[in-house]
Amino acid sequence: MTTRHSARPLLRVGIAGAGMISAFHLRAWQSLGDRVAVVAISDPHHERAAQRAGEFSIPAVHADPAAMLASERLDVVDIASPRETHVELVEAAAARGIAVLCQKPLAPTL
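About the criteria used
- Each chain has its residues counted from 1, following the order in which its sequence is written.
- Given that the model is predicted, a residue must reach a pLDDT of at least 70 before its local features are reported, and side-chain atom pairs must reach 80 or more before they are shown or counted; all residues, however, enter totals for whole chains, interfaces and linings.
- Calculation of side-chain values draws on the structure's entire complement of heavy atoms; hydrogens and water are dropped beforehand.
- Per-residue confidence from the predictor is given as pLDDT, running between 0 and 100.
- Here a strand is any run of E in DSSP of at least two residues, a helix any run of H or I of at least four, and the numbering for each starts at the N terminus.
- DSSP-based pairing: two strands are paired if at least 2 bridges between them are found.
- For every element, the axis is a line fit to its C-alpha atoms; helices are fit only across the contacting stretch, and the angle between N-to-C directions ranges from 0 to 180 degrees.
- Every residue pair with non-hydrogen atoms within 4.5 Å of one another is taken to be in contact.
- Here the nonpolar core consists of buried residues drawn from Ala, Val, Leu, Ile, Met, Phe, Trp, Tyr and Cys, with membership extended through side-chain atoms lying within 4.5 Å.
- Burial here depends on accessible area, computed with a 1.4 Å probe over protein chains only, as a share of the maximum for the residue type. Under 20% is buried, over 50% is exposed, and the range in between is partly exposed.
- If you view a crossover with the strands going away from you and the path from the first strand over the helix to the second runs clockwise, you call it right-handed.
- Patch construction takes residues with relative accessible area above 30% that form no salt bridge. Like charges are linked within 9 Å, and nonpolar side chains (Val, Leu, Ile, Met, Phe, Trp, Tyr) are linked within 5 Å.
- In this description, accessible areas are obtained by the Shrake-Rupley approach with a 1.4 Å probe, and a residue is regarded as covered only by the protein chains that are shown.
- Salt bridges, as used here, are contacts in which a Lys or Arg side-chain nitrogen is within 4 Å of a carboxyl oxygen on Asp or Glu.
- Throughout, the arc means the angular range of directions from the helix axis out to the C-beta atoms.

Caption draft 1: Inspection of the confidence of the model for the protein at higher detail. The predicted model of the protein averages 90 in pLDDT, with 87% of residues at 70 or higher. When mean pLDDT is taken per element in the protein, strand 3 (residues 60–62) scores highest with 98 and helix 4 (residues 86–95) scores lowest with 93.

This is how it looks when you write it as structure tokens:
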């Protein structure tokens, strides 16, 4: 049984995007054990987000990332959506003081 170190707060993560790459991101978050909880996922294809939530025991599902940012208490948002959505999502999270993980270029075009 693993116990969480009391000096290290639980990091609450939301993930924007439920496509193929999200499974890799979610496995990485899971590998951090009890230091992290992925608490929400969003994707315009709500069914896909719901399926990913079921696979990874994510309690909240949103069709809109803006709704996720507005309604969830997040420390980090992991942007795993198509690159053309990155600028808007990064700006929305930053405006709320939420840390961002975004691995692709922050540009709407190549």
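Caption draft 2: Representation of the sheet that holds strand 5 (residues 99–102) within the structure. Spatially, 3-2-1-4-5 is the arrangement adopted by the five strands of the open sheet, whose pairing is parallel. In this open sheet, the two strands that pair with only one neighbour each are strand 3 and strand 5. Each neighbouring strand pair of the sheet contributes to a mean axis angle of 25 degrees, computed without reference to strand direction. When strand 2 (residues 36–42) meets strand 3, the two strands line up parallel, connected through three bridges. Note that in strand 3 the partner of S42 across the bridge is H62.

Caption draft 3: Seen up close, the environment of R48. Tracing the sequence through the fold places R48 in helix 2 (residues 46–56). Sequence separation of R48 and G19 is 29 residues, and the distance between their C-alpha atoms is 7.5 Å. In contact with R48, not counting residues within four places along its chain, are A18, G19 and D43.

Caption draft 4: Spatial organisation of the nonpolar core. One finds V13, I15, L26, W29, V38, I41 and I58 to be the most contacted residues of the largest nonpolar core, which totals 15 residues. Elements supplying a minimum of two residues to this core: strand 1 (11–16), helix 1 (20–30), strand 2 and helix 2. In this structure L26 touches I15, V38, I41, R52, F56 and I58, once residues within four positions along its chain are discounted. By size, the runner-up hydrophobic cluster in this structure holds 13 residues, among which are A40, L69, L74 and V90.

Caption draft 5: Here's a closer look at the pairing of strand 1. Among the six residues in strand 1, five count as buried, and that is most of the element. Relative to strand 2, strand 1 runs parallel, the two being bridged by six bridges. Bridging across to strand 2, G14 finds its partner in A40. Remark: the strand 1/helix 1/strand 2 crossover connection has right-handed handedness.

Caption draft 6: Structural view of a nonpolar patch on the surface. Side chains of M20, I21 and F24 sit close together on the surface and give an oily, nonpolar patch of about 320 Å² of accessible area. On the accessibility criterion, F24 (47% relative accessible area) is partly exposed.

Caption draft 7: Just helix 4, in detail. Of the positions making up helix 4, those classed as buried are H86, L89, V90 and A93. On an axial view of helix 4, the arc spanned by its buried residues comes to 100 degrees, and they lie on one face. Facing away from the buried side of helix 4 by over 90 degrees, the exposed positions are E88, E91 and A95. Downstream of helix 4 by one or two residues, G97 has phi in the positive range, about 75 degrees.

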